[in-house]
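What follows is the residue order along each chain.
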Amino acid sequence: MSSNNLRPSQSSATLTDDAQIRNQRIHVLANSSSNASLNTSTTASPTLTHRPFVNAAFRSSESHAQGSLFESQGHHPTSTNPLFLRGPWFKDHSGRTVTLRGVNLSGASKTPVNCPSHQAEGFLDNDGTEVSFIGRPFPLEDADEHLARLKHWGFNLLRFIVTWEAIEHAGPGKYDYDFFEYLVKVLYKCKQYGFKCFIDPHQDVWSRFSGGSGAPLWTLYLAGLDPSCFPQTNAALVQNFYEDPENYPKMVWATNYNKLAAATMFTLFFAGSTFAPDCVVNQMNIQDYLQTHYIKSYMALAEYINKQHGIEDDVVVGYDTLNEPSAGWIGVEDITKFPHHQELKKDATPTPLQAMLLGQGSKQTVEFWVSTFFGPKRRGSRTIDPEGVTAWLSPEQRDEKDKRFGWKRSKEYPKAGECIWAHHGVWDMSTQQALNSEYFYKDPKTGEKYEFDSRSFLPFCRRYAQAIRTIHNAAIIFLEPPVNEIPPSLPPPHDDEDVAHFDITSRVVYAPHWYDGLTLLNKRWNFFNVDYLGVKRGRYPNYAAAIKIGEKAIKECFREQLASIKEEGQQAIGQHPTLIGEIGIPYDMNDGKAYKPNGNYKDQIKAMDANMYALESNHLNFTLWNYCPDNSHKWGDQWNGEDLSLWSKDDLDKDPGRLSKKNSKSSLASDSLSLRVMDSDNSMALSDNTVIESQGSPSTNLSDRKQSPVHARVAKLSSSSSSSSMKSSKSLSSTMSSSHALLEGQGLSPDGSSNKHLNLDQGGRAVVAFCRPFAQKVAGIPLELSFSLNNITFKFSFKRTRTTEPGDASNPLNSPMPGKINEPTEIYLPRIHFPCVEDYLSSLSTSSSSASAEKDSACSVTVSGGHYEWNHDEQILYWWTDDDNSDKSYGPGEDTKTRRAQEEEEEDVFEITVVGKKWAGNSVSSRSGSFWSTISQCCRLS
């Protein structure tokens, strides 16, 4: 257990700041009366009226002493590879457009070490103060394996989950610096593998103790709630308290958003000063107290990261605002009825008034709902009798908590043991009737409709962004609205340059979530689906009218929903990048049928392919939910019965190379998919008469073969001559080999190679569906991208940008330095779909003709211009399209002047098509058995 009274370990040379001094600085900044960023009054104007306070104490004396290429643009002085924003695109330092594809790391980080949600033992021990998140998302000694696997799968971004509880579990203002130190060590590992990260302040239904994750236990005590009584009062349905945790209902945890505990906490957090004005703690409203401690916690983490060399901006590029925020009961029109926004109804479902009455110990008969393929459906009612037990702390209990955590309540604070909403006149305890059914719909003082976005959510996001940027000046803010809601409208950036840099209108990314709700709730993939977002936006009269039948229709339905989300974001917040923060599928479909000995991932592949198609066709950045190192077939992601991890340790004993029956002729050798480090002189002969070397560009043609004429725009594997290719190899050397020696002696390297024949695909689930080709960095603007899993064909086009345009002088953080783009377009081509010759040939039947096998061994590439190099070890194709260099070399027989003239006349749009292989790595021929029985073995690697 760590607190602000403990000093971090000094084991790392990069982590030497004194924890007490650091904590004092945090408090000085957060408590400063001139700090407008922490002004938490809900009545404040949503527009910025004060210049954000910047405490010079946060800036180390050496930070500005050393010059930096990026210093003038607000990036950390030690940053060498920041991420820029330009309109709807991410950019690197050279001006290339960057596509970010990643994962959430990880679902395991929702809970402390050794505290899964199905475990009751120790759940409320020591008021939740002595837990530890050190080891989340994984033990440090396991980092190389997991990060190497994620890089091997082509991911370049991590949404790094850090709950409020992980930081401040010991009590208000007591930060776990030991956890910070561990976290920074993991981030250094992420840097070695080339990952960008952003911090996700994760929560679900407020806290672990109200059925989800996020806030520390003391926040519930602060509000006067007693989590030990939540089961009897239906204040929250918590798996840790559930009588049969193994059969905890599917996705029922999300219904807690509309139950007493979570709804109360979110209402207090976002609008306590309006709806609970008497809840005053330490001379501030509970809203101010909660928001200030939340913001200060992530400021403390940001300040710790800021002090490390080469982490800020190079690795940690920004911060999410708050995962899946909820308005609580704010905006509820009538507390005696279900709120209009409560689409999810499952199990025992009380109205807001019934939830308050249950919390006070009164018996209630509530509706009982179930999930169907056509939406929630009522199935009778249930009677819940708390038998006088209340969800509120008794006077003795509350006094004990107050003393332990050091806060002092005002004399006007609601009495212990009594509902705070009854105290504020929402309902009458004697008659158990509503006194003001519209209480949360209108401002109790003015009578005007209370707008959650403008008066609560957006002001909170701005305060949070301003506070983070007093520490991390160039932090990207990932603005995340409530799930499936239209985001709040942002005004243009502030006229004052200094203010604009701190305001949320600068360097902001729209980061909504989207799930295929039908599959997620029912854990089944069907031949039909529903355009849920279309129903919610009023484009259909009911669910039945929104049904889509057939694979093609379902994919288009998903594409249209994500297109709508992207468009809504750009209309509301402006031309900023969009990143889908969460999207994924359940792997325990059909009651876990895939986990049985003869099970397969057929449905999971179809579902994931549909999701990926929707993302690709909309050019969306994303982080899949999720990669969970603790996943097991029995308990899934170790949290509330969810099982969405791309990887499971229970699949590690399965051989991804055995794709058909044992001893079958077409069985793949057990190590044929292993990623091996090749000697520098090891080369592979290809069918287009070129030679691809393991660590570089194509070498000269084989001496014993005649050179075939190759059209400059259509070729296999390499369209360039050796001279034109080799001239660029030197510029690539640092990029391609900078991390090769990171893991010497451990059997792994950051390029996914292994000298122990470790198969990084092993344990992955439906790998062929999510491990897909894409253009990671583009020397221009992407136009079209597609990948067909059926015929393994990748197509991509972009409009070339020869130079980056100058940035907006009033907001230089949003643009890289202007200049000519000399770097190539980089395309990730996963070996599972685009195998190298060695892997492909070794997978063929021993009886195959060697001649015919070699003839059909190479994946084909067609380009509309330029030249490229394909590095199989890196799984990257480097493509140069700027042929204006004077030293550009053309193949023998080519008329250089004519070629240059033709290229100048052509439209400045470039296209590439890569056709991969249906092979033992991702499919099998019919002679080896049924297609799905075999592909399931490869794609689930089980």
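Note that the structure is predicted; figures quoted are calculated from it, not measured.

1. Description of the overall build of the protein chain
Per the secondary structure count, the protein chain includes 24 helices and 33 strands. When burial is assessed residue by residue, the protein chain has 61% of its 942 residues classed as buried. Put simply, of all contacts in the protein chain between residues at least 6 apart along the chain, 73% involve residues at least 24 apart. A total of about 34,400 Å² of accessible surface is found on the protein chain, and carbon and sulfur atoms cover 48% of it.

2. Focus on the side chain of Ser117
Take Ser117: it is sitting in the loop between strand S4 (101-105) and helix H2 (143-152). In terms of polar contacts, Ser117 uses its side chain to reach the side chain of Gln239, at 2.4 Å.

3. A short note on the pairing of strand S30 (residues 860-863)
Side-chain alternation along S30 places Val861 and Val863 on a buried face and Ser860 and Thr862 on a face that remains uncovered. Both S30 and strand S33 (residues 909-915) contribute to a ladder of 4 bridges, which runs antiparallel. In the strand pairing of S33, Val861 is matched with Val914.

4. Thoughts on the sheet that holds strand S10 (residues 347-349)
Spatially, the 3 strands line up as an open sheet ordered S10-S11-S12, and their pairing is antiparallel. The open sheet has two edge strands, S10 and strand S12 (375-384), and neither has a second partner. Going across the sheet, the axis of each strand differs from the next one's by a mean of 40°, ignoring polarity. Taken strand by strand, helix H9 (residues 352-359) contacts S10, strand S11 (364-372) and S12, and its axis lies near 125° from that of S11.

5. Some thoughts on the pattern of salt bridges
Across all of its chains, the model carries 36 salt bridges by this definition. In this structure, Arg96 and Asp92 form a salt bridge, with 2.9 Å as the shortest nitrogen-oxygen distance. Considered together, Arg96 and Asp92 belong to a single accessibility category, that of buried residues. Between Lys523 and Asp588 there is a salt bridge, with the nearest N and O atoms lying 2.8 Å from each other. With a gap of 65 residues between them, Lys523 in the loop between helix H14 (517-522) and strand S17 (528-530) and Asp588 in the loop between strand S19 (579-580) and helix H17 (589-592) connect regions that are remote in the sequence. By the burial criterion, Lys523 is buried, and Asp588 matches it. Salt bridges sharing partners connect three or more residues here, namely Arg101, Glu551, Lys555, Asp609, Glu616 and Arg772.

What counts and how
- Residues numbered from 1 in each chain as written.
- Predicted model: local features only at pLDDT ≥ 70, side-chain atom pairs only at ≥ 80, totals over all residues.
- Heavy atoms only, no water.
- Helix = DSSP H or I, 4+ residues; strand = E, 2+ residues; numbered from the N terminus.
- Buried < 20%, exposed > 50% of the residue type's maximum accessible area, 1.4 Å probe, protein only.
- Contact = heavy atoms within 4.5 Å.
- Areas by Shrake-Rupley, 256 points an atom, 1.4 Å probe, with all protein chains shown as cover.
- Polar contact = N/O pair within 3.5 Å; in protein donor to acceptor, adjacent residues only side chain to side chain.
- Pairing = 2+ DSSP bridges.
- Axes fitted to C-alpha atoms, helices over the stretch in contact; angles between N-to-C directions.
- Salt bridge = Lys/Arg side-chain N within 4 Å of Asp/Glu carboxyl O.

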